[in-house]
Amino acid sequence: MYHIENPQKTTLSTNWRQQKYPFQQMDIGEYFLVPKTEVKQSSLAASASWASKKFGKKFITETFGEFTKVTRVKKPKTV
């Protein structure tokens, strides 16, 4: 599992399987980095989109050098 960039927070594990990405445990402003050599940016963006729908949270992916950064952002309020 990739680690969330927040030293005061621990990640939760599930009984049925280990999660590859920590989408469910992330708070607003937290992020994790994934090396581009391990997974394509488009695949990671698809996973973030799926997690947004499943958990009701919003995630963005950005490319920085050799890494793809996944950040949880605040959902815009709907009118």
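The rules behind the values
- Residues numbered from 1 in each chain as written.
- Predicted model: local features only at pLDDT ≥ 70, side-chain atom pairs only at ≥ 80, totals over all residues.
- Heavy atoms only, no water.
- Helix = DSSP H or I, 4+ residues; strand = E, 2+ residues; numbered from the N terminus.
- Contact = heavy atoms within 4.5 Å.
- Areas by Shrake-Rupley, 256 points an atom, 1.4 Å probe, with all protein chains shown as cover.
- Core = buried A, V, L, I, M, F, W, Y, C linked by side-chain atoms within 4.5 Å.
- Buried < 20%, exposed > 50% of the residue type's maximum accessible area, 1.4 Å probe, protein only.
- Pairing = 2+ DSSP bridges.
- Phe/Tyr/Trp six-rings, centres within 6.5 Å; stacked < 30°, edge-to-face > 60°.
- Lys NZ or Arg CZ within 6 Å of the ring centre and 35° of its normal.
- Axes fitted to C-alpha atoms, helices over the stretch in contact; angles between N-to-C directions.

Visitor: Got a minute to help me understand the overall build of the protein in this structure?
Guide: Across its full length, the protein holds one helix and three strands. Its helices and strands in sequence order give the protein the pattern β-α-β-β, from N to C terminus. In the protein, of all internal contacts separated by at least 6 residues, the share reaching a separation of at least 24 is 51%. If you sum the accessible surface of the protein, you get close to 5,700 Å²; carbon and sulfur atoms cover 52% of it.

Visitor: Explain the nonpolar core here, please?
Guide: Nonpolar side chains in soluble globular proteins tend to be buried together. Tyr-2, Tyr-21, Phe-23, Met-26, Phe-32, Val-34, Val-39, Leu-44, Ala-48, Ala-51, Phe-59 and Val-70 together form the largest nonpolar core, which totals 12 residues. Sorting the residues of this core by element identifies β1 (31–35) and α1 (41–55) as the ones contributing at least two each. Looking at which element gives the most residues to this core, the answer is α1, with three residues. Apart from the residues lying within four places of it in its own chain, the contact partners of Tyr-2 are Lys-20, Tyr-21, Pro-22, Phe-32, Leu-33, Val-34, Pro-35 and Glu-38.

Visitor: Even after reading the chapter, I still don't get the pairing of strand β2 (residues 58–64), so can you show me in this structure?
Guide: For a regular strand, side chains alternate in direction, first toward one face of the sheet and then toward the other. Sheet topology places β2 next to strand β3 (residues 67–73); seven bridges connect them, and they run antiparallel. Within the sheet, the bridge partner assigned to Thr-63 lies in β3 and is Thr-68. Between β2 and the antiparallel strand that follows it, β3, lie two residues; Gly-65 among them carries a positive phi value of about 60°.

Visitor: Before we go on, may I ask you to explain the packing of aromatic side chains in this structure?
Guide: Aromatic ring pairs are described here by two measures, namely the spacing of the ring centres and the angle between the planes. This model, assessed by the stated rule, comprises five aromatic pairs. Between the aromatic rings of Phe-23 and Phe-32, the centroid separation amounts to 5.7 Å while the plane-to-plane angle is 65°, which identifies the pairing as edge-to-face. Here the two residues Phe-23 and Phe-32 agree in accessibility, since each one is buried. Grouping aromatic residues by their ring pairs yields a cluster made of Tyr-21, Phe-23, Phe-32 and Phe-59. Of note, Lys-69 hangs over the ring of Tyr-31, and the distance from its end group to the ring centre comes to 4.5 Å.

Visitor: It is not clear to me how the environment of Ser-42 should be interpreted in this structure. Could you clarify?
Guide: With respect to the helices, strands and loops of the structure, Ser-42 is situated in helix α1. For the pair Ser-42 and Thr-68, spaced 26 residues apart in the sequence, the C-alpha separation amounts to 10.0 Å.

Visitor: Teacher, can you tell me more about the sheet that holds β2 here?
Guide: Hydrogen bonds along the backbone pair up the strands of a sheet, which may run parallel or antiparallel. With antiparallel pairing, three strands are arranged side by side in an open sheet as β1-β3-β2. Taken across any chain shown, the strands that pair with only one partner, and hence form the sheet edges, are β1 and β2. Across the sheet, the mean angle from the axis of one strand to that of its neighbour is 25°, orientation sign disregarded.

Visitor: Looking at this model, I keep getting lost on the pairing of β3. Mind explaining?
Guide: Sheet analysis places β1 next to β3, joined by five bridges and oriented antiparallel. Paired with Tyr-31 across the strands is Thr-71, a residue of β3.

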